[in-house]
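So you can see what is in the structure, the chains are spelled out below.
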Amino acid sequence: MIRGLYTAASGMLAQQRRHDAISNNISNMQTPGYKQDSAALRSFPEMLIHLMESGTGNGPAARQIGALNTGVFVDELMPSFVQGDLMNTNQPGDLALQSNIQVVMNGQTIVFDQSGKAVVDGEVIQQPQAFFTVLGADGEPRYTRDGRFRLSEAGQLTTVNGEPVLGANGQPIMLADLSLDQVYIADNGALMNRTNGIALGQLLISRIDRPYELIREGHGSYRLPADAGQAVPVAVADQVVVRQGYLERSNVDASQAMVDMMTALRLYEANQKVIQSYDQTLEKAVNEIGRI
Amino acid sequence: MNRTMISSAVSLNALQQKLDMIANNIANMNTSAYKRQEASFQDVLTSTLNQHPHMESPGRQTALGLTVGGGSRLSGLRTDLTQGILKQTNNPLDLAIEGQAMFEVEVPIFDAQGNPVQGPNGPATEIVWTRSGNFQYSLMRDLPGYKVLTTADGYPVRSVGDGYVAIPVHAQVQIDATGTVTYTNEEGFTESAGQLKLMRVVRPELITAVGDNLYNVSTDVQALNNVLEQVDFAGPNSQGIAVRQFYTEQSNVDLASEMTELIMVQRAFQLNARALSAGDTMMNLANQLRR
């Protein structure tokens, strides 16, 4: 029985999925607030292989050879919520979030690694992340790092897709007859009139403790599934800063993406070679063994 | 079909549009009062691949289902209304606007064949707005003895009472910071010829460039007053707005930042093209499985 043929085929499929994810990252190298995905591979369930013995009944019991996986697949696409660089645009409606939320556990501040996670007592802890909160078309909140905001005709602060941006009171932010260049947005997300200092509301910046639970919906927004933890407004101690006139660039690392793409391509090729070699084996079995 | 190729092709298209936009900005670096156009990108989600609940294995961090992206598209088009630098000239008809306001001009409407559309009283016109204050005089058949202030393309500029600014043919104009046009008549007295109508841009997001340095409001705007409001120099909405005679506003295109962006977009384009050809290689490999 040739198991390896299907194993190699699953390898090709998995590498193609991985390549798709990488090329999607490359596509979004210029997308503000985009967070890169990386494919996590998982092997097929293990199975135990036995040696085939003579089945006469009085021989020794079949011996175990060991465990074998018969393939691999892309289990999940893990987003990396690492902070992107800030880019100065000088546009009053462009906002960037800078967040580096610290977590204190058992009196100790957890040190997160480059990818935003830490392992404490064998448990993976993700760094909480901050997001702008907008109202989706279905009335449920959506979370985004793409801070390109604008005003609708009625003066409602919206994303580029027209989704209303929510304020700290859970209601969309209305700026009535002001234009965005008359609005100053402070580091904590408070809006005020630039000329007379009158407060105009406060952006709702949500803190999400396990950002991997977020489901990407495209056009820069994420949604929390019903069974996930709740988003809470950021606290002062979280040190989340809103920067007006800046945009957060995509956190895709171009050179890493290039290397990953080459690896995926070559692994795909290697799996293809394995299939070809199985094919040759089969050819011998079918056409040459029986030849006299 | 290979998703790599689809998402790369989609993004190449978007990047090409962005390159066109940068090229247009650079080409208009010396157009007076030109406002640069800008846009950035947005990710496209094409599909969610469902996963069976038994795949919820220990150690899994994300929710079930693979969200597969389909590249990026251009989004958030806008006109950057940042003030351009004012350059002094010797022409009394060179006007520059300080602050976020525009002149109102009347342009004829043309049909698809390029013929002027006729209205109930003469050729039909529509109202558009411009910041380009390189005005000139034009003569009008129904205003003998007067010359009318028009844009460089000959479109009449509207005054506060929605009329034209007409001056006797031999007079010279003085225009003050509020746009009030005066001239000295034959007896040596100063006479007023009206005030230029200025519209403050309240929602820069909702105006669109219609070519010839003219702007119109987006078609989905309900009430014009929400987007552009008339500047009342006695009221608070005139703050920071002034008309400067003998000045012309230069374009607000910054060559250095356009070139930087050009480099970034071009490199992104190259990288996407590489991803596309890698996708092609993969399909080729699949085709060569059986030789």
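Digging into the overall build of chain A
1) Next: Broken down by element type, chain A carries two helices and 23 strands.
2) Next: Expected size for 292 residues packed as a compact globule is a radius of gyration near 19 Å; at 27 Å, chain A overshoots this value by more than 25%.
3) Next: Within chain A, counting contacts between residues at least 6 apart in sequence, those at least 24 apart form 65% of the total.
4) Next: Summed over its atoms, the accessible surface of chain A is roughly 14,500 Å², and 53% of this surface lies on carbon and sulfur atoms.
5) Next: Within chain A, one finds 22 positive and 31 negative side-chain charges whose respective centroids are separated by 6 Å.

Digging into the layout of surface pockets
To find the voids left in a structure, one rolls a probe of water-molecule size over its atoms.
1) Next: Roughly 690 Å³ of volume is contained in the largest pocket.
2) Next: Forming the walls of the largest pocket are 34 residues, and the residues nearest its centre are Asn88 and Thr89 of chain A together with Arg36, Glu38 and Glu261 of chain B.
3) Next: When contributions to the lining of the largest pocket are tallied by element, the ones reaching two or more residues are strand S5 (86-88) of chain A together with strand S1 (37-49), strand S2 (66-79) and helix H3 (255-287) of chain B.
4) Next: In terms of residue count, H3 of chain B provides more of the lining of the largest pocket than any other element does, five residues in total.
5) Next: When grouped by side-chain class, the residues that make up the lining of the largest pocket number nine nonpolar, 13 polar and twelve charged.
6) Next: Residue assignment places the lining of the largest pocket across two domains, with domain 1 (2-79 + 253-291) and domain 2 (86-248) of chain A each supplying three or more.
7) Next: Each pocket or cavity is described by its volume, and for the second largest pocket that value is around 450 Å³.
8) Next: As for the second largest pocket, its lining consists of 18 residues, of which Gln182 and Thr195 of chain A together with Arg200, Asn237 and Gln239 of chain B are closest to the centre.

Describing the packing of helix H1 (residues 4-27) of chain A against helix H2 (residues 254-288) of chain A
Residues and elements named next belong to chain A.
1) Next: At a closest axis distance of 9 Å, the pairing of H1 and H2 adopts a crossing angle of 160°. The angle between the axes of H1 and H2 places the two elements in the roughly antiparallel class. In the packing of H1 onto H2, the handedness of the crossing is left-handed.
2) Next: The residue makeup of the contact of H1 with H2, split by class, is 16 nonpolar, eight polar and two charged.

Describing unusual backbone geometry
All names here are of chain B.
1) Next: Positive phi, normally seen in glycine, also occurs at Asp212, with a value near 55°.
2) Next: Take Asp212: its relative accessible area is 53%, and that puts it in the exposed class.
3) Next: The backbone phi angle of Asn213 is positive, close to 65°, even though this residue is not glycine.
4) Next: On the secondary structure map, Asn213 appears in the loop between strand S17 (207-211) and strand S18 (214-217).
5) Next: Judged by relative accessible area, which is 17%, Asn213 ranks as buried.

Observations concerning the interface of chain B and chain A
1) Next: Between chain B and chain A, the contact holds 67 residues from the first and 67 residues from the second.
2) Next: Of the roughly 5,400 Å² buried between chain B and chain A, counting both surfaces, carbon and sulfur atoms make up 50%.
3) Next: Those elements that provide at least two residues to the side of chain B that touches chain A are helix H1 (3-27), S1, S2, strand S16 (198-201), helix H2 (224-227) and H3 of chain B.
4) Next: With 13 residues, H3 of chain B is the single largest residue contributor to the side of chain B that touches chain A.

Re the packing of aromatic side chains
1) Next: One pass over the structure, following the stated rule, counts six aromatic pairs over all chains.
2) Next: Feature note: the residues Phe81, Phe131 and Tyr222 of chain A constitute an aromatic cluster, connected by ring pairs.
3) Next: When the ring centre of Tyr137 of chain B is taken as reference, the NZ or CZ atom of Lys147 of chain B above it lies at 3.9 Å.

A closer look at the sheet that holds strand S21 (residues 232-233) of chain A
All names here are of chain A.
1) Next: If you walk across this open sheet you meet the six strands as S19-S20-S12-S11-S18-S21, and the pairing is antiparallel. The two strands at the open ends of the sheet, each matched to only one other strand, are strand S19 (215-216) and S21.
2) Next: As paired elements, strand S18 (residues 205-208) and S21 share two bridges and run antiparallel to each other. By the bridge assignment, Arg207 is partnered in S21 with Val232.

A short note on the domain arrangement of chain A
All names here are of chain A.
1) Next: In terms of domains, chain A is made up of domain 1 (2-79 + 253-291) and domain 2 (86-248).
2) Next: Taking the mean C-alpha position of each, domain 1 and domain 2 sit 40 Å from one another.
3) Next: On the domain 2 side, the residues contacting the eight residues of domain 1 number eight residues.
4) Next: In total, about 780 Å² of surface goes out of reach between domain 1 and domain 2, with carbon and sulfur atoms giving 52% of it.
5) Next: Contact with domain 2 buries surface across domain 1, with Pro32, Lys35 and Pro79 losing the most and accounting together for 61% of the total.
6) Next: The interface formed by domain 1 and domain 2 contains two salt bridges.
7) Next: One salt bridge in this structure joins Glu248 and Lys35, with 2.6 Å as the shortest N-O distance.
8) Next: Linking domain 1 with domain 2 are three residue pairs in polar contact (both at pLDDT 80 or more).

Brief notes about the sheet that holds strand S20 (residues 242-245) of chain B
All names here are of chain B.
1) Next: The strand order across the open sheet formed by three strands is S9-S4-S20, and the pairing between neighbours is antiparallel. Since the sheet does not close on itself, it has two edges, and those belong to strand S9 (133-134) and S20, each with one partner.
2) Next: The sheet contact formed by strand S4 (residues 94-98) and S9 spans two bridges and is antiparallel. For Asp94, the partnering residue across the bridge sits in S9 and is Asn134.

Describing the pattern of salt bridges
1) Next: Throughout the structure, instances matching the rule amount to 31 salt bridges over all chains.
2) Next: The residue Glu38 of chain B makes a salt bridge to Arg78 of chain B at a minimum N-O spacing of 2.6 Å. Placement of Glu38 of chain B in strand S1 and of Arg78 of chain B in strand S2 is noted, with a sequence separation of 40 residues between them.
3) Next: Through salt bridges with shared partners, a single network forms among Asp94 of chain A together with Arg36, Glu38, Arg78, Asp80 and Glu258 of chain B.

Definitions and cut-offs
- Residues numbered from 1 in each chain as written.
- Chains lettered and ligands numbered in written order.
- Predicted model: local features only at pLDDT ≥ 70, side-chain atom pairs only at ≥ 80, totals over all residues.
- Heavy atoms only, no water.
- Helix = DSSP H or I, 4+ residues; strand = E, 2+ residues; numbered from the N terminus.
- Rg over C-alpha atoms; globule rule 2.2 N^0.38 Å.
- Contact = heavy atoms within 4.5 Å.
- Areas by Shrake-Rupley, 256 points an atom, 1.4 Å probe, with all protein chains shown as cover.
- Lys, Arg positive; Asp, Glu negative; His and termini not counted.
- Charge placed at Lys NZ, Arg CZ, Asp CG, Glu CD.
- 1 Å grid on protein atoms, 1.4 Å probe; cavity = no way out; pocket = protein on both sides within 12 Å on 5 of 7 lines; lining within 4 Å.
- Points joined across faces, edges and corners; volume = space filled by probe spheres on them.
- Nonpolar A, V, L, I, M, F, W, Y, C, P; charged D, E, K, R; others polar.
- Domains from an automatic or database assignment.
- Axes fitted to C-alpha atoms, helices over the stretch in contact; angles between N-to-C directions.
- Parallel < 35°, antiparallel > 145°, perpendicular 65-115°, else oblique.
- Left-handed = near helix turned anticlockwise from the far one by under 90°.
- Buried < 20%, exposed > 50% of the residue type's maximum accessible area, 1.4 Å probe, protein only.
- Buried area = accessible area lost by both parts, 1.4 Å probe.
- Phe/Tyr/Trp six-rings, centres within 6.5 Å; stacked < 30°, edge-to-face > 60°.
- Lys NZ or Arg CZ within 6 Å of the ring centre and 35° of its normal.
- Pairing = 2+ DSSP bridges.
- Salt bridge = Lys/Arg side-chain N within 4 Å of Asp/Glu carboxyl O.
- Polar contact = N/O pair within 3.5 Å; in protein donor to acceptor, adjacent residues only side chain to side chain.

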